[in-house]
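Geometric and topological summary
Listed below, chain by chain, are the residues.
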Amino acid sequence: NYELIIIFGNGTEQTTIVNSTEYTVSLSAINSPYTIRAVTRFTIVEHSNSSFVFEAQSESVSLTLSSCGSNMFGGFNGSVCVSCPDNSVNEGGYTIGSCECGAGYTGQDGGPCVACTEDTYKAVIGNSSCQPCPNKTGSIRGSTSCSCANGYELIADNCAACGRNYYKNTTSNATCTQCPTYSNTTGSASTSLSDCECTFSVDNANNSSCYAFQSTPVIVNTTRSLTWIVILWEPVSSVLDRNGNNRGLVFGYSVAYQLSGDPNNSESYDVPAGPFFFNITNLQNESQYIISVSALNNDSNKGPPATIIVTTLSVDRPIIDRVIAYSNSVIGVEWTISSSVLNLVGFNVYVTGVGAPQNSISFNGTSNTFINITDLLASTTYTVTVSTVFDGGQEGNLSPPETVTTLDAVCTPSCPFGGVCIVPPNTCNCSSLISTGGSVDCYGGRVNSSCECTCYDGLFVGGSCSDPLYGPTVLVSPSSNGRDVNVTIQPPSPVVSSASIVNYELIIILGNGTEQT
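What counts as what
Residues numbered from 1 in each chain as written. Predicted model: local features only at pLDDT ≥ 70, side-chain atom pairs only at ≥ 80, totals over all residues. Heavy atoms only, no water. Pairing = 2+ DSSP bridges. Helix = DSSP H or I, 4+ residues; strand = E, 2+ residues; numbered from the N terminus. Axes fitted to C-alpha atoms, helices over the stretch in contact; angles between N-to-C directions. Buried < 20%, exposed > 50% of the residue type's maximum accessible area, 1.4 Å probe, protein only. Phe/Tyr/Trp six-rings, centres within 6.5 Å; stacked < 30°, edge-to-face > 60°. Lys NZ or Arg CZ within 6 Å of the ring centre and 35° of its normal.

Judged by pairing direction, the sheet is antiparallel, and its three strands sit side by side in the order β22-β23-β26 without closing on themselves. In this open sheet, the two edge strands, each paired with only one partner strand, are β22 (218-224) and β26 (277-280). Neighbour-to-neighbour, the strand axes of the sheet open up by a mean angle of 20 degrees, direction not taken into account. Here strand β23 (residues 229-234) pairs with β26 via four bridges, running antiparallel. Paired with isoleucine 229 across the bridge in β26 is isoleucine 280.

What the three strands build is an open sheet, ordered β29-β30-β33; its pairing is antiparallel. The two strands at the open ends of the sheet, each matched to only one other strand, are β29 (319-325) and β33 (370-373). Averaged over all adjacent pairs, the angle separating strand axes in this sheet is 20 degrees, with direction ignored. Bridge count between strand β30 (residues 331-336) and β33: four bridges; the pairing is antiparallel.

For the rest of this paragraph, the subject is the pairing of strand β24 (residues 250-259). Across the ten residues that make up β24, a large majority, seven, are buried. In the sheet, β24 pairs with strand β25 (residues 262-272) via eight bridges, with the strands oriented antiparallel. Across the sheet, the residue bridging to tyrosine 257 is glutamate 267, located in β25. Between the end of β24 and the start of β25, which pair antiparallel, lie two residues, with glycine 261 showing a positive phi angle near 85 degrees.

Quick look at the packing of aromatic side chains now. For the coordinates displayed, the defined rule picks out six aromatic pairs. On the basis of an interplanar angle of 65 degrees and a centroid distance of 6.3 Å, the ring pair of tyrosine 182 and phenylalanine 200 is categorised as edge-to-face. Of this pair, tyrosine 182 sits in the loop between β19 (177-178) and β20 (183-184) while phenylalanine 200 sits in the loop between β21 (197-198) and β22, and the two are 18 residues apart along the sequence. Since its relative accessible area comes to 24%, tyrosine 182 is described here as partly exposed. By way of ring pairs, the aromatic residues Trp233, Tyr253 and Phe276 are connected into one cluster. Its end group placed over the ring of phenylalanine 200, arginine 247 keeps NZ or CZ at 3.5 Å from the ring centre.

Just distances and angles here, no functional claims.
This is the structure we're talking about:
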């Protein structure tokens, strides 16, 4: 490349080009082992952002500068333009040094440019450092300015603490949010919805729903058809808050329903304090509805709802009510079929999953709509469907599938030494761990196939297999020459087969208690 430098007649570097003015132009080779410099006086006839026209003696010389656009460099006399490094900007330039770190980023010209850290900012382009945010303000990474911190809002260009019963959980200049109805905070500058504590009812997971009292009805039964659902509940005897204080009289109940996944398909009804059931009509068949029942006090305030999900029946197939895992090998399946289905003689139940029955489970009769499925594997997920069987053996449509996972394998106590629990019959198996050389994990003994720790004589009473009960006996006596000793080793007691003893290890200790080397 060549670098073109235009100099004023007084020797200063040119920053503003003026037509019909004489300048000194120095043209030098870049990245060359030699210094090649030619200095000539030119008069600029005209110029634009990308080119100059020079008048030298009686000739005009046209020299094209960088043709690169914004945020790129290179392009001198037709060379390739290259994008500036990440998070840097320019208005077009010859070299990478023309790329400056953008606002919110800091670093040397030409990069790399790194984001300002949390609670710092940089508002300008260039290589200046990020600055810390003022008190009561904050920022996220890469910020060009600071905003009011969590728990503070912007009032008259200042960040002020959220008042009592308000909170703000973002770093921004947004206003604080009021706590939900029947909840409040204990102080100011609250930063989370969880700071809003329910006044009269027990806090739920995130305090987003608080109620005028604590009492909740209990849904005890539902019946259904293709287009209606009847819901029955136990009444609320008294309207009490979380502290047991009376919050009024039971005025009635609010019953609401919503088509699952469609919040626009919903209704709510206020019903008297008795009788304690309600028939929801004009529903879609084979559709899932979320139904809730709340008590109302004499001020028409609601308490916490009791909620249940019910699916209306199908015109031509069963609907599974529930699939329950009773144990690690047994599940129960219960379903309902519309009474409008004619010529029905029985059902087929299908179970898929590892260890499931190979064929469907068939039985006659329509009064029994419940079955237990046994001999399944523990901790395994199964999918269940039910179909109808009509007179003549013709099979109808399958129900929507339901899934269930059997309970975990249970061995009491749990299997030691990394053994595997086999269910059924709930026994531990350590066959893969058996070693004729014993196991360190088994206190110097060995693990048998049932994950029991045994010593080589087949006994284990706790502690270690090297305890005196199982260790050899050593008898020492001096020799007649006064320099040697006689050592007699007796086998462990209880006596074991001599074939099971491979060797003895003899350790001699100095009189001061250190091991002899």
